[in-house]
Amino acid sequence: MSQFAINLLFVGASFALYIGIAIWARAGSTSEFYAAGRGVHPVTNGMATAADWMSAASFISMAGLIAFTGYDNSSFLMGWTGGYVLLALLLAPYLRKFGKFTVSEFIGDRFYSPTARIVAVVCLIVASTTYVIGQMTGVGVAFGRFLEVSNTAGLLIGACVVFAYAVFGGMKGVTYTQVAQYCVLITAYTIPAVFISLQLTGTPIPALGLFGDHVASGEPLLAKLDAVVTELGFKEYTAHHADTLNMVLFTLSLMIGTAGLPHVIMRFFTVPKVSDARWSAGWTLVFIALLYLTAPAVGAMARLNISELMWPNGGISGEAVTTEQIANDPEYDWMATWQKTGLLDWEDKNGDGKIQFYNDKNEDLQAMAAEKGWEGNELTKFNRDILVLANPEIANLPSWVIGLVAAGGLAAALSTAAGLLLAISSAVSHDLIKGAINPSISEKNELLSARIAMGVAIAVATWLGLNPPGFAAQTVALAFGLAAASIFPALMMGIFSTKINNTGAVAGMLAGLTVTLVYIFLHKGWLFIPGTNSFTDADPLLGTIKSTSFGAIGAAVNFAVAYIVAGMTKETPAEIKALVESVRVPRGAGAAQDH
Amino acid sequence: MSDNSSNDAYWKANVRIILISLVIWALVSFGFGILLRPMLAGISVGGSDLGFWFAQQGSILVFLALIFNYAWQMNKLDIAHGVDEE
């Protein structure tokens with residue numbers, strides 16, 4: 001069977017499964033549409049939340065980010081998991097007790113302010129929309145790569161599948177599809193990693209292999225990797241090179257941002273009880289950790305494999321791989337495959353028939369190059385995003401593994417897209433239409449408007465995926481910045497302080513939002529228009545703090561402004577204090593289920 | 001709902017568990033994983049040092065333990081203060 005047929009089989013089978021679930025899990029009420037009828041088992045919800053959270057970025061990009069930077073990018077590992085501690089301890093159980101359907105609804109009720117609710121809705125829609133663009137482009141690219149259809153056709157097929165299960169099933173359909181998608185994506189991620197770990201370290205568990213011994217040399221894997229990359233003139237893999245202050249703030253921003261992302265928080269509304277929300281956050285992290293403990297091993301092992309493939313004759317002191325070998329040796333077939341995509345390229349600059357891969361910006365290596373007649377690094381392009389997708393081919397794994405990885409990448413992108421679209425549609429139908437425009441709307445009409453909002457959101461996301469704005473890559477920082485600087489502090493203060501009143505909360509949210517947006521725009525351009533930035537992340541405005549690390553500072557500004565303003569304005573009314581008291585104790589969560 | 005003094009004691013106990021958990025949360029990630037890494041450089045773990053292990057693996061495992069411990073302790077506390085869900 002050809003590789004194309006195998007890919008088609010795996011992707012087709014997984015899509016048939018998602019559609020089957022869509023038919024089985026149709027939503028009949030607003031409670032089912034927004035919160036899956038609050039009947040989801042905590043372990044099931046944990047699995048669905050893990051798929052919801054782990055996007056194309058976690059599945060495709062993260063291992064590559066770590067592989068090419070090493071220790072310095074540990075921020076992603078700690079930041080994207082540490083946020084769940086904040087979510088489990090500070091937000092999830094109390095928001096479940098509150099027992100409503102959207103994050104903005106809590107903010108509106110707790111701060112007895114329609115303005116606060118609208119600010120939260122705007123943040124939610126902007127954060128979720130920017131996030132969904134990346135998922136939709138990911139779907140298009142994955143289709144284009146593995147199924148040899150155009151990006152456009154791929155994106156439209158993906159959009160139709162999401163439409164089928166999200167519009168009809170709402171949260172209920174999305175939850176059970178996400179469980180299936182989690183199973184597909186974790187299998188697809190783990191199987192190649194296990195094979196590669198066995199090849200390199202002899203242990204089937206990649207996380208142990210990372211700290212184990214390299215079979216071929218007998219040295220510890222990380223020591224071997226450090227030696228190999230420094231020999232090629234790159235920075236030591238395990239050493240700390242990044243600016244410490246920026247690394248701390250970046251990690252903290254990712255943590256707070258994760259805990260403040262509405263599409264993740266709203267998943268905890270689906271479990272039956274407050275205690276279930278606590279357990280469910282733990283299960284979510286278990287399922288996320290299965291991938292996040294494997295990712296650094298995948299990164300390190302791939303980096304070692306690539307370095308050794310380029311220098312197959314005893315490292316840089318031996319001869320480099322020849323262009324003839326790349327063309328004829330089946331071990332190098334993946335290079336030709338990926339060259340076609342434009343994400344990988346090489347050029348024999350000095351015409352010696354060999355491809356020398358080294359860091360040509362390193363002075364020692366420049367001296368060596370002058371001596372040996374090299375004219376610069378000849379592996380001219382290696383996009384770090386291809387690492388996970390090309391990994392099975394690099395390690396010479398059977399072709400069914402490649403088909404599985406294709407289905408896994410699509411599962412990761414589709415599950416996150418569906419979660420985001422659900423967050424957007426419930427904000428529109430529940431917060432804007434029922435909350436502000438037409439409060440007397442019947443349940444049947446609210447359900448209809450939620451479905452129409454979902455359909456429109458999918459159409460807009462598809463259009464943005466087909467015509468991604470030039471700033472698509474920058475917007476992840478925006479989504480995390482908004483969640484960290486506006487949503488997380490408002491929710492936390494709403495639960496842990498009775499002092500914060502309506503004016504304080506609104507002032508805090510607007511202040512956090514404004515400083516964060518201004519700082520991002522100063523570095524990335526106003527509304528991301530190229531050339532309008534006054535600073536760059538290489539030389540930021542405040543010391544070493546990059547715009548991607550500013551969310552934590554935005555959150556601090558939000559807290560400070562809210563406390564100061566609340567101290568100067570009218571005290572929180574007694575009935576709101578009673579609301580806070582009731583949110584803090586689990587008893588009575590069942591009674592608070594419906595409006 | 002039970003009386004207010006019991007609810008106050010419940011909330012104080014909850015905040016105490018949260019604070020202890022967050023100190024550990026910060027210690028393993030920002031502490032051992034980043035700021036205190038030089039101090040731990042002497043302890044080697046599989047080809048690197050303890051700080052590298054915490055940054056890439058250890059902190060995630062501790063986060064897991066923290067969340068499950070919190071859920072377990074809070075369930076006990078809910079029952080002790082009579083605020084558990086019937």
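Being a predicted model, the structure only gives us computed values, none of them experimental.

**Section: the overall build of chain A**
Moving on, step 1. A count of helical and extended segments in chain A gives 24 helices and 4 strands.
Moving on, step 2. Oriented by its inertia axes, the alpha-carbon framework of chain A measures out at about 80 × 55 × 45 Å.
Moving on, step 3. Contacts spanning at least 24 positions in sequence make up 80% of the contacts within chain A whose residues lie at least 6 apart.
Moving on, step 4. Put simply, chain A shows about 20,200 Å² of open surface, and 63% of that area lies on carbon and sulfur atoms.
Moving on, step 5. Counting 32 positive and 40 negative side-chain charges, chain A places the centres of these two groups 18 Å from one another.

**Considering the overall build of chain B**
Moving on, step 1. Check the secondary structure of chain B and you find 2 helices and 2 strands.
Moving on, step 2. Scaling as 2.2 N^0.38, a compact globule of 86 residues should have a C-alpha radius of gyration of about 12 Å, whereas chain B reaches 18 Å, well beyond that.
Moving on, step 3. Residue pairs in contact within chain B that sit at least 24 positions apart in sequence constitute 56% of those at least 6 positions apart.
Moving on, step 4. Treating the 4 positive side-chain charges of chain B as one cloud and the 7 negative ones as another, the clouds have centres 15 Å apart.

**Digging into the packing of aromatic side chains**
Residues and elements named next belong to chain A.
Moving on, step 1. For the coordinates displayed, the defined rule picks out 33 aromatic pairs over all chains.
Moving on, step 2. With a centroid separation of 5.1 Å and 40° between ring planes, the pair formed by Y34 and F101 is classed as tilted. Here Y34, found in helix 2 (residues 30-35), pairs with F101, found in the loop between helix 5 (74-98) and helix 6 (103-110); they are 67 residues apart in sequence, far enough to count as distant. Comparing Y34 with F101, the two get one shared label, buried.
Moving on, step 3. Taken together, a centroid distance of 6.2 Å and an interplanar angle of 40° make the contact between Y131 and F480 tilted. Of the two residues, Y131 is situated in helix 7 (residues 114-147) and F480 in helix 21 (residues 475-496); the sequence distance between them amounts to 349 residues.
Moving on, step 4. Residue Y131 is classed as buried on the basis of its relative accessible area of 6%.
Moving on, step 5. F480 sits in the buried class, given a relative accessible area of 6%.

**Structural notes on the environment of R384 of chain A**
Residues and elements named next belong to chain A.
Moving on, step 1. Relative to the assigned elements, R384 resides in the loop between strand 4 (381-382) and helix 18 (386-394).
Moving on, step 2. Residue R384 is classed as partly exposed on the basis of its relative accessible area, which comes to 43%.
Moving on, step 3. Through-space distance from the C-alpha of R384 to that of L65 is 6.7 Å; in sequence the pair is 319 residues apart.
Moving on, step 4. Apart from residues lying up to four places away in sequence, R384 is in contact with G64, L65 and F68.

**Let's talk about the nonpolar core**
Residue and element names in this part refer to chain A.
Moving on, step 1. By size, the foremost hydrophobic cluster in this structure holds 229 residues, and its most contacted members are W53, F59, Y165 and Y292.
Moving on, step 2. Sorting elements by how many residues they give to this core places helix 8 (residues 151-201) first, with 20 residues.
Moving on, step 3. Residues in contact with F59, not counting those within four places in the same chain, are L185, A188, Y189, L291, V388, V405, G408, G409 and A412.

**Describing the UniProt feature "domain: Sodium symporter small subunit" (unreviewed entry) in chain B**
Moving on, step 1. What UniProt calls "domain: Sodium symporter small subunit" (unreviewed entry) maps, in this numbering, to residues 8-84 of chain B.
Moving on, step 2. End C-alpha to end C-alpha, residues 8-84 of chain B measures 15 Å, and it is 77% helix and 5% strand.

**With respect to the packing of helix 8 of chain A against helix 19 (residues 399-437) of chain A**
All names here are of chain A.
Moving on, step 1. Contact geometry for helix 8 and helix 19: axes closest at 6 Å, N-to-C directions at 140°. Helix 8 and helix 19 meet at a crossing whose hand is left-handed.
Moving on, step 2. When grouped by side-chain class, the residues that make up the contact of helix 8 with helix 19 number 21 nonpolar, 8 polar and no charged.

**Quick word on the interface of chain A and chain B**
Note: interface size is frequently given as the accessible area lost on complex formation between the parts.
Moving on, step 1. Counting residues at the interface gives 54 residues for chain A, matched by 43 residues for chain B.
Moving on, step 2. Summing both sides of the interface, chain A and chain B together bury roughly 4,500 Å²; the carbon and sulfur share of this comes to 72%.
Moving on, step 3. By the criterion of area lost to chain B, the three top residues of chain A are F211, R278 and R587 of chain A, representing 18% of everything that side buries.
Moving on, step 4. Its salt-bridge partner being D84 of chain B, residue R587 of chain A comes within 3.1 Å of it at the nearest N-O pair.

**Description of the confidence of the model for chain B**
Moving on, step 1. Averaged over every residue, the pLDDT of chain B is 92; the share at 70 or more is 95%.
Moving on, step 2. For chain B, strand 1 (residues 44-45) of chain B is the element with the lowest average pLDDT, namely 90, and helix 2 (residues 50-80) of chain B is the one with the highest, namely 96.

**Some details on the packing of helix 11 (residues 244-260) of chain A against helix 23 (residues 551-568) of chain A**
All names here are of chain A.
Moving on, step 1. One way to put it is that helix 11 packs onto helix 23 with a least axis distance of 7 Å and a crossing angle of 65°. For the element pair helix 11 / helix 23, the angle class is roughly perpendicular. Every residue of helix 23 that contacts helix 11 at L249, L252, S253 and I256 is listed here: G551, A552, I553 and A555.
Moving on, step 2. Residue composition of the contact of helix 11 with helix 23, by class: 6 nonpolar, 2 polar and no charged.

**Concerning helix 17 (residues 363-372) of chain A**
Moving on, step 1. Looking at where helix 17 of chain A begins, the residue whose side-chain oxygen comes 2.9 Å from the main-chain nitrogen of D364 of chain A is N362 of chain A.
Moving on, step 2. Phi turns positive, to about 80°, at G373 of chain A, one or two residues after helix 17 of chain A.

**Considerations on the UniProt feature "transmembrane region" (unreviewed entry) in chain B**
All names here are of chain B.
Moving on, step 1. Within the UniProt annotation, "transmembrane region" (unreviewed entry) is assigned to residues 17-40 and 52-72.
Moving on, step 2. As annotated, residues 17-40 has a helix share of 79% and a strand share of 0%, and its two end C-alpha atoms lie 27 Å apart.
Moving on, step 3. Annotated as residues 52-72, this span is 100% helix and 0% strand, and its ends, taken at the C-alpha atoms, are 30 Å apart.

**A few points about unusual backbone geometry**
Residues and elements named next belong to chain A.
Moving on, step 1. Positive phi, normally seen in glycine, also occurs at R38, with a value near 50°.
Moving on, step 2. A positive phi angle is found at Y112, which is not glycine, with a value near 30°.
Moving on, step 3. The residue Y112 is located in the loop between helix 6 and helix 7 in this model.
Moving on, step 4. Given a relative accessible area of 26%, Y112 falls into the partly exposed group.

**Quick notes on the pattern of salt bridges**
Residue and element names in this part refer to chain A.
Moving on, step 1. As enumerated under the stated definition, the model contains 11 salt bridges over all chains in all.
Moving on, step 2. The partner of K354 in a salt bridge is E319, and the shortest N-O contact between them spans 3.4 Å. Within this pair, whereas K354 is found in strand 3 (residues 354-355), its partner E319 is found in the loop between helix 14 (295-310) and strand 1 (321-322), the two being separated by 35 residues in sequence.
Moving on, step 3. For K524, the salt bridge goes to D537, with nearest N and O atoms at 3.2 Å. In this pair, K524 sits in helix 22 (residues 502-524) while D537 sits in the loop between helix 22 and helix 23, placing the two residues 13 residues apart along the sequence.
Moving on, step 4. Assessed through its relative accessible area of 19%, D537 is described here as buried.

**Overview of a nonpolar patch on the surface**
Moving on, step 1. A cluster of nonpolar side chains, L448, I452, V456 and V460 of chain A, forms an exposed patch at the surface whose accessible area comes to about 350 Å².
Moving on, step 2. Mapped onto the elements of the fold, I452 of chain A is located in helix 20 (residues 443-466).

**Overview of the environment of Q3 of chain A**
All names here are of chain A.
Moving on, step 1. Secondary-structure assignment places Q3 in helix 1 (residues 3-24).
Moving on, step 2. Residue classification places Q3 among the partly exposed residues on the basis of a relative accessible area of 27%.
Moving on, step 3. Considering only alpha carbons, one finds Q3 and S399, 396 residues apart in sequence, at a separation of 6.3 Å.
Moving on, step 4. Look past the residues within four positions of Q3 in its chain and what remains in contact with it is S399, I402 and G403.
Moving on, step 5. A polar atom in the side chain of Q3 sits 3.2 Å from the backbone oxygen of S399.

**Observations concerning helix 23 of chain A**
Moving on, step 1. When the terminal C-alpha atoms of helix 23 of chain A are compared, their 26 Å separation across 18 residues agrees well with the 26 Å that a helix rising 1.5 Å per residue should span.
Moving on, step 2. Those residues of helix 23 of chain A not exposed but buried are G551, A552, G554, A555, N558, A562, V565 and A566 of chain A.

Conventions we followed
- Residues numbered from 1 in each chain as written.
- Chains lettered and ligands numbered in written order.
- Predicted model: local features only at pLDDT ≥ 70, side-chain atom pairs only at ≥ 80, totals over all residues.
- Heavy atoms only, no water.
- Helix = DSSP H or I, 4+ residues; strand = E, 2+ residues; numbered from the N terminus.
- Contact = heavy atoms within 4.5 Å.
- Areas by Shrake-Rupley, 256 points an atom, 1.4 Å probe, with all protein chains shown as cover.
- Lys, Arg positive; Asp, Glu negative; His and termini not counted.
- Charge placed at Lys NZ, Arg CZ, Asp CG, Glu CD.
- Rg over C-alpha atoms; globule rule 2.2 N^0.38 Å.
- Phe/Tyr/Trp six-rings, centres within 6.5 Å; stacked < 30°, edge-to-face > 60°.
- Buried < 20%, exposed > 50% of the residue type's maximum accessible area, 1.4 Å probe, protein only.
- Core = buried A, V, L, I, M, F, W, Y, C linked by side-chain atoms within 4.5 Å.
- UniProt positions renumbered as here; feature names shortened; annotations may be inferred.
- Axes fitted to C-alpha atoms, helices over the stretch in contact; angles between N-to-C directions.
- Left-handed = near helix turned anticlockwise from the far one by under 90°.
- Nonpolar A, V, L, I, M, F, W, Y, C, P; charged D, E, K, R; others polar.
- Buried area = accessible area lost by both parts, 1.4 Å probe.
- Salt bridge = Lys/Arg side-chain N within 4 Å of Asp/Glu carboxyl O.
- pLDDT = per-residue confidence, 0-100.
- Parallel < 35°, antiparallel > 145°, perpendicular 65-115°, else oblique.
- Polar contact = N/O pair within 3.5 Å; in protein donor to acceptor, adjacent residues only side chain to side chain.
- Patch = residues over 30% accessible without salt bridge, like charges linked within 9 Å, V, L, I, M, F, W, Y side chains within 5 Å.
- Expected span 1.5 Å × (residues − 1).

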